[in-house]
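# Coordinate inspection notes
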Amino acid sequence: QVQLVESGGGLVQAGGSLRLSCVASGRALRDYVMGWFRQTPGKERELVASISWNGGRTYYVGSVKGRFTISRDNARNTVYLEMNKLKPEDTAVYYCAADSTYGLHTSPDNYDFWGQGTQVTVSS
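What counts and what doesn't
Residues numbered from 1 in each chain as written. Predicted model: local features only at pLDDT ≥ 70, side-chain atom pairs only at ≥ 80, totals over all residues. Heavy atoms only, no water. Helix = DSSP H or I, 4+ residues; strand = E, 2+ residues; numbered from the N terminus. Rg over C-alpha atoms; globule rule 2.2 N^0.38 Å. Buried < 20%, exposed > 50% of the residue type's maximum accessible area, 1.4 Å probe, protein only. Contact = heavy atoms within 4.5 Å. Areas by Shrake-Rupley, 256 points an atom, 1.4 Å probe, with all protein chains shown as cover. Lys, Arg positive; Asp, Glu negative; His and termini not counted. Charge placed at Lys NZ, Arg CZ, Asp CG, Glu CD. Core = buried A, V, L, I, M, F, W, Y, C linked by side-chain atoms within 4.5 Å. Pairing = 2+ DSSP bridges.

## A few points about the overall build of the protein
Across its full length, the protein carries 0 helices and 11 strands. By the compact-globule yardstick of 14 Å for 124 residues, the protein fits well, its C-alpha radius of gyration being 13 Å. Structurally, the protein occupies a C-alpha span of about 40 × 25 × 25 Å along its principal axes. Counting only residues that meet the buried cut, the protein has 43% of its 124 residues in that class. By sequence separation, contacts in the protein at least 24 residues apart represent 59% of the contacts at least 6 residues apart. Here the protein has roughly 6200 Å² of accessible surface; of this, 47% comes from carbon and sulfur atoms. Distance from the positive charge centre (13 side chains) to the negative charge centre (11 side chains) of the protein: 6 Å.

## Let's talk about the nonpolar core
Counting 29 residues, the largest nonpolar core has Met-34, Trp-36, Leu-81, Met-83 and Tyr-94 as the members making the most contacts within it. Elements that contribute at least two residues to this core include exactly strand E3 (18-25), strand E4 (33-39), strand E5 (46-51), strand E7 (68-73), strand E8 (78-83), strand E9 (92-99) and strand E11 (118-123). When residues no more than four places from it in sequence are discounted, the contact partners of Leu-81 are Leu-18, Arg-19, Leu-20, Trp-36, Val-48, Ala-49, Phe-68, Thr-69, Ile-70 and Tyr-94.

## Some words on the pairing of E9
Judged by how many residues are buried, E9 sits mostly within the fold: 7 of 8 residues are covered. Pairing geometry for E4 and E9, over 7 bridges, is antiparallel. Within the sheet, the bridge partner assigned to Arg-38 lies in E9 and is Tyr-94. Direction of pairing for E9 relative to E11: antiparallel, over a ladder of 3 bridges. Bridge pairing links Ala-92 to Val-120 in E11.

## Observations regarding unusual backbone geometry
A positive phi angle, near 55°, is found at Asn-77, a position not held by glycine. Within the fold, Asn-77 resides in the loop between E7 and E8.

## Some thoughts on the environment of Tyr-95
Counting through the fold element by element, Tyr-95 comes out in strand E9. A C-alpha to C-alpha distance of 9.0 Å links Tyr-95 and Gln-119, two positions 24 residues apart in sequence. Excluding residues within four positions of it along the chain, Tyr-95 makes contact with Glu-6, Gly-35, Trp-36, Phe-37, Gln-39, Arg-45, Trp-114, Gly-115, Gln-116 and Gly-117.

Okay, structure coming up:
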């Protein structure tokens, strides 16, 4: 079992940047495909980006392509989400999640372990 702790959220103006971090403990991060999800009240949890175990493959939802970058440092047991050109519609609680199966799955049902979430608020 792996424990995940996110950090780096906060309040930023539109057009600004934030970098989220997710540190894993309990098991090596390299054993998992990692994803960043976000959720707003009343809406389903949405996959923002995911990354394969060695970083060789990534996936981004269309609304963040060209603005967000997911990366990982397995030696530090950490996955990152660099968010640039932020928009008010990016406001959400962001969660990192670990998937122990092969493939870049988009459904939250495929992910086994979750962090507690970090709030990102983008003001207009």
